[in-house]
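# Secondary and tertiary structure notes
Next come the chains, spelled out residue by residue.
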Amino acid sequence: DAGITQSPRHKVTETGTPVTLRCHQTENHRYMYWYRQDPGHGLRLIHYSYGVKDTDKGEVSDGYSVSRSKTEDFLLTLESATSSQTSVYFCAISEQTGLNSPLHFGNGTRLTVT
Amino acid sequence: ELKVEQNPLFLSMQEGKNYTIYCNYSTTSDRLYWYRQDPGKSLESLFVLLSNGAVKQEGRLMASLDTKARLSTLHITAAVHDLSATYFCAVVNAGGTSYGKLTFGQGTILTVHP
């Protein structure tokens, strides 16, 4: 999986608690992304990073924050988890945004908020 | 805002038959990707289509792109059970600084029956 590790793979948490998901890459790629996957919606972009400390919001960023202090790590934090954030979260990386550079995805984190 | 729509969303096929999945998108784009996802797994890149008229083939799958019509097709020839999976198309916004962000279609769940 292109040197991408997501942790944890599964998590169950209670409403109102903070949760942090980690994406670690060994490819030294500049661009990193967090998506969530829900039935009927495909994958939707939460946040992305175009370099260390450079991040921006995607289309479904409310309730989420991110940090990237090192090239290899991109953290996604749910400030106060809600049931609507129950989902499968995928991290993706890309070497460059030019031609012929598909995103490579991690194995996903299944998060359940009870 | 870029929107990507796939149809059909569910496709049940008999082995040996042919079928086509359609992907329409709403604004100009210079890149379109097709991904495959097996249940509970990550996304695997199948094709990258970069220009109008582009056609790529891999085994029983053939993808094409018509940028004027904003349409891509994924054609399945003589389906076999191993092709059962969910297929996503994804499009990059053209112009400006897209940072390689992808907008995904809803996905097509393909089931191939004996």
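A short tour of the structure in this document, coming up. (Residues numbered from 1 in each chain as written. Chains lettered and ligands numbered in written order. Predicted model: local features only at pLDDT ≥ 70, side-chain atom pairs only at ≥ 80, totals over all residues. Heavy atoms only, no water.)

Let's shift gears to the overall build of chain B. For chain B, the helix and strand inventory stands at 0 helices and 11 strands. Starting at the N terminus and ending at the C terminus, chain B contains elements arranged as β-β-β-β-β-β-β-β-β-β-β. On C-alpha atoms alone, chain B measures out to a radius of gyration of 14 Å, which is about the 13 Å that the 2.2 N^0.38 rule sets for 114 residues. Summarising its shape, the C-alpha atoms of chain B cover approximately 45 × 30 × 20 Å along the three principal directions. Counting every position in chain B, which comprises 114 residues, the buried fraction comes to 45%. Taking the contacts inside chain B whose residues are at least 6 apart along the sequence as the reference set, 55% of them involve residues at least 24 apart. If the 10 positive side-chain charges of chain B are averaged to one point and the 9 negative ones to another, these points end up 4 Å apart. (Helix = DSSP H or I, 4+ residues; strand = E, 2+ residues; numbered from the N terminus. Rg over C-alpha atoms; globule rule 2.2 N^0.38 Å. Buried < 20%, exposed > 50% of the residue type's maximum accessible area, 1.4 Å probe, protein only. Contact = heavy atoms within 4.5 Å. Lys, Arg positive; Asp, Glu negative; His and termini not counted. Charge placed at Lys NZ, Arg CZ, Asp CG, Glu CD.)

Attention now moves to the state of the cysteines. Disulfide: a covalent bond formed between the sulfur atoms of two cysteine residues. All names here are of chain A. Inspection of every chain in the model, using the stated rule, returns 2 disulfides over all chains. The disulfide bridge from Cys 23 ends at Cys 91, spanning 1.9 Å between sulfur atoms. Across the S-S bond of Cys 23 and Cys 91 the torsion is about -70°, and the bridge reads as left-handed. Of this pair, Cys 23 sits in strand E3 (residues 19–25) while Cys 91 sits in strand E9 (residues 87–94); the two residues are 68 residues apart in sequence, bridging distant segments of the chain. (Disulfide = S-S within 2.5 Å.)

We now examine the nonpolar core. Residues and elements named next belong to chain B. With 25 residues, the main nonpolar core has Leu 32, Trp 34, Leu 74, Ile 76, Tyr 87 and Leu 110 as its most contacted residues. Every element with two or more residues in this core is listed here: strand E2 (10–14), strand E3 (19–25), strand E4 (31–37), strand E5 (43–49), strand E7 (61–66), strand E8 (71–76), strand E9 (85–92) and strand E11 (108–113). Ranked by residues supplied to this core, first place goes to E9 with 4 residues. (Core = buried A, V, L, I, M, F, W, Y, C linked by side-chain atoms within 4.5 Å.)

Let us look at unusual backbone geometry. Going from Ser 7 of chain A to Pro 8 of chain A, the amide bond is cis rather than trans, its omega being -10°. Mapped onto the fold, Pro 8 of chain A is located in the loop between strand E1 (4–7) and strand E2 (10–13). Going from Asn 7 of chain B to Pro 8 of chain B, the amide bond is cis rather than trans, its omega being 0°. The phi dihedral of Asn 28 of chain A falls on the positive side, at around 60°, and the residue is not glycine. Residue classification places Asn 28 of chain A among the exposed residues on the basis of a relative accessible area of 63%. Its identity is not glycine, yet Arg 70 of chain B carries a phi of approximately 55°, on the positive side. Structurally, Arg 70 of chain B can be placed in the loop between E7 and E8. Looking at Arg 70 of chain B, the relative accessible area reads 31%, which means it is partly exposed.

It is worth spelling out the interface of chain A and chain B at this point. Across the contact, 22 residues belong to chain A and 19 residues belong to chain B. The contact between chain A and chain B buries some 1,800 Å² in all, and 59% of this surface belongs to carbon and sulfur atoms. At the junction of chain A with chain B, the criterion picks out 0 salt bridges. Across the chain A-chain B interface, the total number found is 6 residue pairs in polar contact (both at pLDDT 80 or more). Of all the secondary-structure elements, those providing two or more residues to the side of chain A that touches chain B are strand E4 (31–38) and strand E5 (42–51) of chain A. When residues of the side of chain A that touches chain B are assigned to their parent elements, the largest contribution, 5 residues, is made by E5 of chain A. (Buried area = accessible area lost by both parts, 1.4 Å probe. Salt bridge = Lys/Arg side-chain N within 4 Å of Asp/Glu carboxyl O. Polar contact = N/O pair within 3.5 Å; in protein donor to acceptor, adjacent residues only side chain to side chain.)

Another point: the sheet that holds E8 of chain B. Residue and element names in this part refer to chain B. Read across the sheet, 5 strands follow the order E1-E3-E8-E7-E6 without closing on themselves; strand pairing throughout is antiparallel. On the outer flanks of this sheet lie strand E1 (4–7) and strand E6 (55–58), each paired with one strand and no other. For this sheet, the mean inter-axis angle between neighbouring strands, taken without regard to orientation, is 15°. Relative to E3, E1 runs antiparallel, the two being bridged by 4 bridges. (Pairing = 2+ DSSP bridges. Axes fitted to C-alpha atoms, helices over the stretch in contact; angles between N-to-C directions.)

Okay, the layout of surface pockets next. The volume enclosed by the largest pocket comes to roughly 590 Å³. What lines the largest pocket is a set of 30 residues, and nearest its centre among them are Gln 37 and Pro 39 of chain A together with Gln 37, Gly 40 and Thr 86 of chain B. Counting residues per element, the ones that place at least two in the lining of the largest pocket are E4, E9 and strand E11 (109–113) of chain A together with E9 and E11 of chain B. In terms of residue class, the lining of the largest pocket is built from 10 nonpolar, 15 polar and 5 charged. When its volume is computed, the second largest pocket comes out at roughly 480 Å³. Around the second largest pocket sit 21 residues that line it, and Glu 59 of chain A together with Glu 1, Leu 2, Lys 3 and Thr 103 of chain B are the ones nearest its centre. Among the elements of the structure, E5 of chain A together with E1 and strand E10 (102–104) of chain B are those that each provide at least two residues to the lining of the second largest pocket. Among the elements that make up the lining of the second largest pocket, the one with the highest residue count is E5 of chain A (5 residues). The residue inventory of the lining of the second largest pocket, partitioned by class, reads 7 nonpolar, 7 polar and 7 charged. (1 Å grid on protein atoms, 1.4 Å probe; cavity = no way out; pocket = protein on both sides within 12 Å on 5 of 7 lines; lining within 4 Å. Points joined across faces, edges and corners; volume = space filled by probe spheres on them. Nonpolar A, V, L, I, M, F, W, Y, C, P; charged D, E, K, R; others polar.)

Purely spatial values, then, with no claim about function.
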